Amino acid sequence: MAPSTKTKVSRNPDLIRGVGKYSRSQMYHKRGLWAIKAKNGGVFPRHDAKPAAAEPVVKPPKYYPADDVKKPLANKRKARPTKLRASITPGTVLIILSGRFKGKRVVFLKQLASGLLLVTGPFKINGVPLRRVNQAYVIATSTKVDIAGVNVEKFDDKYFAKEVAKKNKKGEGEFFEAEKDEKKTLPAAKKEDQQGVDAVLLKSIECVPDLKTYLSARFSLMSGMKPHELVF
Amino acid sequence: MVKGRQGERVRSKSNQYPNTSLVQIEGVNTKEEVSWYQGKRVAYIYKAKVKVSGSHYRCIWGKVIRPHGNTGIVRAKFTSNLPPKSMGSRVRVMMFPSNI
């Protein structure tokens, strides 16, 4: 059965709000109520209420709370990722505006479920690894890089979650040793992911003249440059 | 970041309202040009003798709210009111949150 999702259109157009074009008897004819009656032997079809299914016998509860317990309001909000600006499409070169990599020009890969943007330097060109960036801290330029061959499926917010360190019970003698072990080295798997993504990107970047030097240079405002007049 | 100077408070003849400061952004000369800067964060950075979080530098953050008048002056509100000694001093207008 086709789902009936058509919006109901009134057969009685408004002349003015509150005044229809057709009278009651004209509408009776238009809606075909005469045909419905004829089909049913001169009377409107009656739909009797279905006999209610026998409800299971519920014992009255033994315990009633002394005060009325308030039910918290139901929260029907759904978390959605931030709306992506039209200027940001996969392959766009973005300028990062703050943080460790401020001023770096970087390639946009995809938007993650949290709304953050997945971005890579590529690492070899400007030292920016696979990283998440907030859309508000980014300027989208009109330069695009072809990221046709890049496989970004496996990266999501969980990939970037901080690893929870297991708590070691520290004795007095072990205190100093434990501190030495805490230097975090980047797991080899992440390095391989970075190289995998970058290998494809580097090929498409080298096809375009000057794009490599462009990406390795930082953006900065020079004397006399007015950001509100710049076209990115 | 864009350089700016801040100073005067929003005021009438005999009353001033220290919660809002006026900022003159370099290169912005008309009310229409201010619309780009609306919402951008502003930082007032100053030095102090006592180190806080490992640095002698301290910052009061704020944001550009709206233009003030026709010639590009801008109103900015900070997390705490700016001290009077900061009048006439440098303020940094950032390029984020960005909408480009």
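Position numbers for residues count from 1 along each chain, tracking the sequence in the order it is written. Each chain gets a letter, beginning with A, and each ligand a number, beginning with 1, in the order they are written. Local features in a predicted model are, by the rule used here, given only for residues with pLDDT of at least 70; side-chain atom pairs are given and counted only at 80 or more, and totals for whole chains, interfaces and linings are based on all residues. Heavy atoms from the whole structure form the basis of all side-chain values; hydrogens and water molecules are not counted.

- UniProt positions are given in the numbering used here, feature names are shortened, and annotations may be inferred rather than shown by experiment. The heading Sequence similarities (unreviewed entry) in the UniProt record of chain B holds the text "Belongs to the eukaryotic ribosomal protein eL33 family."

- Chain A carries the name 60S ribosomal protein L6 in an unreviewed UniProt entry, which gives Daucus carota subsp. sativus as its organism.
- Under the heading Sequence similarities (unreviewed entry), UniProt records this for chain A: "Belongs to the eukaryotic ribosomal protein eL6 family."

1. Focus: the interface of chain A and chain B
Okay, step 1: By definition, residues are in contact when any of their heavy atoms lie within 4.5 Å. With 17 residues of chain A in contact, the opposing surface of chain B contributes 13 residues.
Okay, step 2: By definition, the buried area sums, over both parts, the 1.4 Å-probe accessible area that each loses when the two are put together. Approximately 1,200 Å² of surface area, both sides summed, lies buried where chain A meets chain B, with 69% of it carried by carbon and sulfur atoms.
Okay, step 3: Of all residues in chain A, the largest losses of buried area upon contact with chain B belong to Arg85(A), Pro227(A) and His228(A), amounting jointly to 40% of the total for that side.
Okay, step 4: A 3.5 Å cut-off defines polar contacts: any pair of N or O atoms within that distance qualifies, except that in protein one atom must be a possible hydrogen donor and the other a possible acceptor, and neighbouring residues in sequence count only when both atoms are side-chain atoms. Along the contact surface separating chain A from chain B lie seven residue pairs in polar contact (both at pLDDT 80 or more).
Okay, step 5: Classifying every residue of the side of chain A that touches chain B gives ten nonpolar, four polar and three charged. Gly counts as polar in this scheme, as do all residues outside two lists: the nonpolar Ala, Val, Leu, Ile, Met, Phe, Trp, Tyr, Cys and Pro, and the charged Asp, Glu, Lys and Arg.

2. So, the confidence of the model for chain A
Okay, step 1: With 88% of its residues at a pLDDT of at least 70, chain A reaches an overall mean of 83.
Okay, step 2: The predictor's confidence in any single residue is recorded as pLDDT, a number from 0 to 100. Note on conventions: DSSP H or I runs of at least 4 residues are helices, E runs of at least 2 residues are strands, and numbering of each starts at the N terminus. Of all helices and strands in chain A, the one with the weakest mean pLDDT is helix 4 (residues 174-181) of chain A (53), whereas strand 3 (residues 92-96) of chain A scores best (93).

3. With respect to the side chain of Ser89(B)
Residue and element names in this part refer to chain B.
Okay, step 1: Residue placement: serine 89 occurs in strand 6 (residues 89-93).
Okay, step 2: Summary of the burial criterion: residues with accessible area below 20% of their type's maximum are buried, those above 50% are exposed, and those between are partly exposed, where the area comes from a 1.4 Å probe applied to protein chains only. Residue serine 89 is classed as buried on the basis of its relative accessible area of 19%.
Okay, step 3: In this structure the side chain of serine 89 is engaged in a polar contact, spanning 2.5 Å, whose partner is the backbone oxygen of serine 86.
Okay, step 4: When sequence neighbours within four positions are dropped, the list of residues in contact with serine 89 reads Gly4, Arg5, Gln6 and Tyr44.

4. Details of the sheet that holds strand 3 (residues 41-52) of chain B
Residue and element names in this part refer to chain B.
Okay, step 1: A pair of strands is considered paired only if DSSP assigns at least 2 bridges between the two. Strand order around the closed barrel formed by six strands is 1-2-5-4-3-6, with antiparallel pairing between neighbours. Neighbour to neighbour, the strand axes of the sheet diverge by 45° on average, direction disregarded.
Okay, step 2: Strand direction decides the pairing type here: strand 4 (residues 55-68) and strand 5 (residues 73-78), joined by six bridges, are antiparallel. Directly across from histidine 68, in strand 5, lies its bridge partner isoleucine 73. In this description, a line fitted to the C-alpha atoms serves as the axis of each element, helices being fitted only across the stretch in contact, and the angle between N-to-C directions of two axes falls anywhere from 0 to 180 degrees.

5. Focus on the sheet that holds strand 5 (residues 117-120) of chain A
Residue and element names in this part refer to chain A.
Okay, step 1: A sheet is described by the order of its strands in space; here five strands give the open sequence 6-5-4-3-7, paired in antiparallel fashion. Two strands bound the open sheet, and with one partner strand each, they are strand 6 (131-133) and strand 7 (138-144). When strand polarity is set aside, the average angle formed by the axes of neighbouring strands in this sheet is 45°.
Okay, step 2: Across three bridges, the pairing between strand 3 and strand 4 (residues 105-111) is antiparallel.

6. Quick word on a positive patch on the surface
Okay, step 1: A grouping of Arg11(A), Lys21(A), Lys30(A) and Arg31(A) is seen on the molecular surface, where their side chains present a positively charged patch.
Okay, step 2: For Arg31(A), the position within the fold is in the loop between helix 1 (24-30) and helix 2 (33-39). Within this analysis, patches are made of residues with over 30% relative accessible area and no salt bridge. Like charges are joined at 9 Å or less; nonpolar side chains (Val, Leu, Ile, Met, Phe, Trp, Tyr) at 5 Å or less. The protein chains shown are the only cover counted for residues, whose accessible areas, like all others here, come from Shrake-Rupley with a 1.4 Å probe. Just to be clear on terms, a salt bridge is a Lys or Arg side-chain nitrogen sitting within 4 Å of an Asp or Glu carboxyl oxygen. We score Asp and Glu as negative and Lys and Arg as positive, and we do not count His or the chain ends. Charge coordinates come from a single atom per side chain, which is NZ of Lys, CZ of Arg, CG of Asp or CD of Glu.

7. Focus: helix 5 (residues 188-207) of chain A
All names here are of chain A.
Okay, step 1: Helix length check: helix 5 (20 residues) gives 29 Å between terminal C-alpha atoms against 28 Å at 1.5 Å per residue, within 8%.
Okay, step 2: Fitting axes to the seven residues ending at a residue and to the seven starting there, one defines the bend at that residue as the angle between these axes. At aspartate 198, helix 5 is deflected by roughly 25°, the largest bend along its length.
Okay, step 3: All of the buried residues in helix 5 are Asp193, Gln194, Val197, Asp198, Leu201, Leu202, Ser204 and Ile205.
Okay, step 4: Those residues of helix 5 that are buried are in contact with strand 4, strand 5, helix 3 (123-126) and helix 6 (211-216). Multiply 1.5 Å by the residue count of a helix minus one, and that product is the helix's expected span.

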